[in-house]
Amino acid sequence: MTVTEFDRRMLEALICPVSQARLDYDIDRQELISEKAGLAFPIRDGIPVMLVDEARRLAP
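Everything in this summary refers to the structure shown in the same document.

## Notes on unusual backbone geometry
Move 1: The residue Gln 20 is not glycine, and still its phi comes out positive at about 65°.
Move 2: In this fold, Gln 20 is placed in the loop between α1 (8-13) and β1 (24-26).
Move 3: The backbone of Asp 45 shows a phi angle near 55°, a positive value even though the residue is not glycine.
Move 4: In this structure, Asp 45 sits in the loop between β3 (39-44) and β4 (47-48).

## Here's the deal with the environment of Ile 15
Move 1: Mapping Ile 15 onto the fold places it in the loop between α1 and β1.
Move 2: Through-space distance from the C-alpha of Ile 15 to that of Met 50 is 9.1 Å; in sequence the pair is 35 residues apart.

## What to know about the pattern of salt bridges
Move 1: Enumeration over the complete set of coordinates arrives at four salt bridges.
Move 2: Within the structure, one salt-bridge network assembled from shared partners comprises Arg 29, Glu 31 and Arg 56.

## A look at the pairing of strand β2 (residues 31-34)
Move 1: Along β2, one buried face is formed by Glu 31 and Ile 33 and the opposite face, lined by Leu 32 and Ser 34, is buried too.
Move 2: Both β1 and β2 contribute to a ladder of three bridges, which runs antiparallel. Counterpart to Asp 26 in the pairing with β2 is Glu 31.
Move 3: Linking β1 to β2, which pair antiparallel, is a turn of four residues; within it Gln 30 sits at a positive phi near 60°.
Move 4: Bridge count for β2 against β3 is four bridges, and the pairing is antiparallel.

## Examining the pairing of β3
Move 1: Most of β3 sits out of view: five of its six residues are buried.
Move 2: Hairpin connection of β2 to β3: four residues between the antiparallel strands, including Gly 38 at a positive phi of 70°.
Move 3: The pairing of β3 with strand β5 (residues 56-57) spans two bridges and is antiparallel. Bridge pairing in β5 places Leu 39 opposite Arg 57.
Move 4: Across two bridges, β3 lies against β4 in antiparallel orientation. Note on β4: the bridge partner recorded for Ile 43 is Pro 48.
Move 5: In textbook terms, the turn of a hairpin is the stretch between consecutive antiparallel strands, and for β3 and β4 this stretch comprises two residues, one of which, Asp 45, has a positive phi near 55°.

Quick notes on the rules
Residues numbered from 1 in each chain as written. Predicted model: local features only at pLDDT ≥ 70, side-chain atom pairs only at ≥ 80, totals over all residues. Heavy atoms only, no water. Helix = DSSP H or I, 4+ residues; strand = E, 2+ residues; numbered from the N terminus. Salt bridge = Lys/Arg side-chain N within 4 Å of Asp/Glu carboxyl O. Buried < 20%, exposed > 50% of the residue type's maximum accessible area, 1.4 Å probe, protein only. Pairing = 2+ DSSP bridges.

This is the structure:
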């Protein structure tokens, strides 16, 4: 499964585990972005990895 097959309905159901805010889908970087928490969660093999330890910190 590629990320382009990522179910956008699933995105509507997911929220940031840190801020409880909605997430934005960055198709180019294959990430779910939480602006409020300043984190980017990776999507691997079509599966969002919602672990803070796996998230990338966004530049301020």
